[in-house]
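For reference, the chains in residue letters:
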Amino acid sequence: MRPDADTRIQPLEFARRFLQLHDAAVENDTSAIEALVPQRLRTLLEVPEHIRISEDGGDAEDRDYHYTVTYGTPILERMIGNTLKTIPIAGCRLEFDYIKNGGFDRLLEDQLTFYGATAAIETVAAVTAEYVQVSCRYTALSDEQKEGLLTMVFNTDTGGVVPAMAEAFDTGGFRTAFTRPDTDIKHKITPLAEKMEQTARGLLEDRLAMFHASMNRRFQRDIANLEEYYSSLEAEMQKSLEKPGLSESARSDRQAKINAIPAELARKKEDLLKKYSIKVRLQLAAAMYIRTPAKKIACRLSIGKQRRQFFLTYNPVTRAIDPPPCTICKKPISHIHFNSRLEAVCYGCRK
Ligand SMILES: [Zn+2]
């Protein structure tokens, strides 16, 4: 579900969809679009009522109302700018010919380890599971700028991120029917907001590791150059103090300059730190609400003398059990510990 070279739409097609979405009357042949533009859109795009759009310049006689849409042209930029102002939320339903029916004991054993507890599957039931896929734009600002798109999928029931699901979408094995998202979709996404930001920042640490390393390398190199420069400057100034015939005032003037070097060096180092430190900005770009058939696995957990029920979801997209989130930090866990309240927690939160 990520755009690639085949699914990325061309500027003319984008313009056509944009105009239609904003209630313009659109007529198009393959190479150009004719449109009657409503008032509100005319103001937004700064165009007359009747326009013709194509990817080349058009003929001289229709220049007044002919617009070119290629990357970077003002009319396309205005359309893109307007589109980015709102966050599109789509919905879809997945359909499978076959969903795993048995062998969940084996899967549970392969995927999850319970510490100080044993788990036995009691029942497996067919259910409809809900997920939300969110795409975030990120901008990492330092001496250079890096931008990109990050896609994450969350199980809306547990609030846990499902690490492999965004990639698993691309491998297919199912049909996708696009539907209108439920009206309460915003209520389902809002509680996940903090978790999304936390997850995104975690994922970005990996993705930006090279960028961090490169900025750090340049920072160290500039620091070394700076130190070398100031130490040779100091040596030179010390030497000039030994010059015969130097007046007392010139001497004290130079000595003051030498004394000021450490403070100046510290200031320059501080500037370099600012220059190479990385600020990451995150912005929600799109969300997709996904409903899919799945299996709910009810387990009976024995923790010492105590018993409790524990629910897991078999996810037919990843063909795996969704790793349950740690009750405390919400990270997906496959090594499951239990705290004194018998809640599933990660190793770090187990106390
Ligand atoms: Zn934790």
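Heads up: the structure comes first, above all this text.
These numbers were taken from a predicted model, which means no experiment stands behind them.

A. Representation of the overall build of the chain in the model. Of the regular secondary structure elements, the chain holds 9 helices and 14 strands. For 351 residues, the compact-globule formula gives about 20 Å, and the C-alpha radius of gyration of the chain, at 30 Å, lies well above that figure. Along the longest, intermediate and shortest principal axes, the C-alpha atoms of the chain span 100 × 85 × 30 Å. Counting over 351 residues, the chain shows a buried share of 22%. Considering only residue pairs separated by 6 or more positions, the chain has 60% of its internal contacts joining residues 24 or more positions apart.

B. Broad picture of helix 1 (residues 11-21). Within helix 1, burial applies to Leu12, Ala15, Arg16, Phe18 and Leu19. Along the axis of helix 1, the buried positions cluster into a sector of 165 degrees, meaning they face one direction only. The inward-facing, buried residues of helix 1 contact strand 1 (25-28), strand 2 (32-36), strand 3 (50-54) and helix 3 (74-85). Within two residues after helix 1, aspartate 23 carries a phi angle of roughly 65 degrees, on the positive side.

C. Region of the structure containing the sheet that holds strand 14 (residues 344-345). The sheet built from 3 strands is open, its strands ordered 6-13-14 with mixed pairing. Taken across any chain shown, the strands that pair with only one partner, and hence form the sheet edges, are strand 6 (113-114) and strand 14. Alignment of strand 6 against strand 13 (residues 335-338), held across 2 bridges, turns out to be parallel. Looking across to strand 13, one finds that threonine 113 is bridged to histidine 335.

Each value, and the rule that gives it
Residues numbered from 1 in each chain as written. Predicted model: local features only at pLDDT ≥ 70, side-chain atom pairs only at ≥ 80, totals over all residues. Helix = DSSP H or I, 4+ residues; strand = E, 2+ residues; numbered from the N terminus. Rg over C-alpha atoms; globule rule 2.2 N^0.38 Å. Buried ≥ 20, exposed ≤ 12 C-beta atoms within 10 Å, placed from the backbone. Contact = placed C-beta atoms within 7 Å. Arc of directions from axis to C-beta. Pairing = 2+ DSSP bridges.

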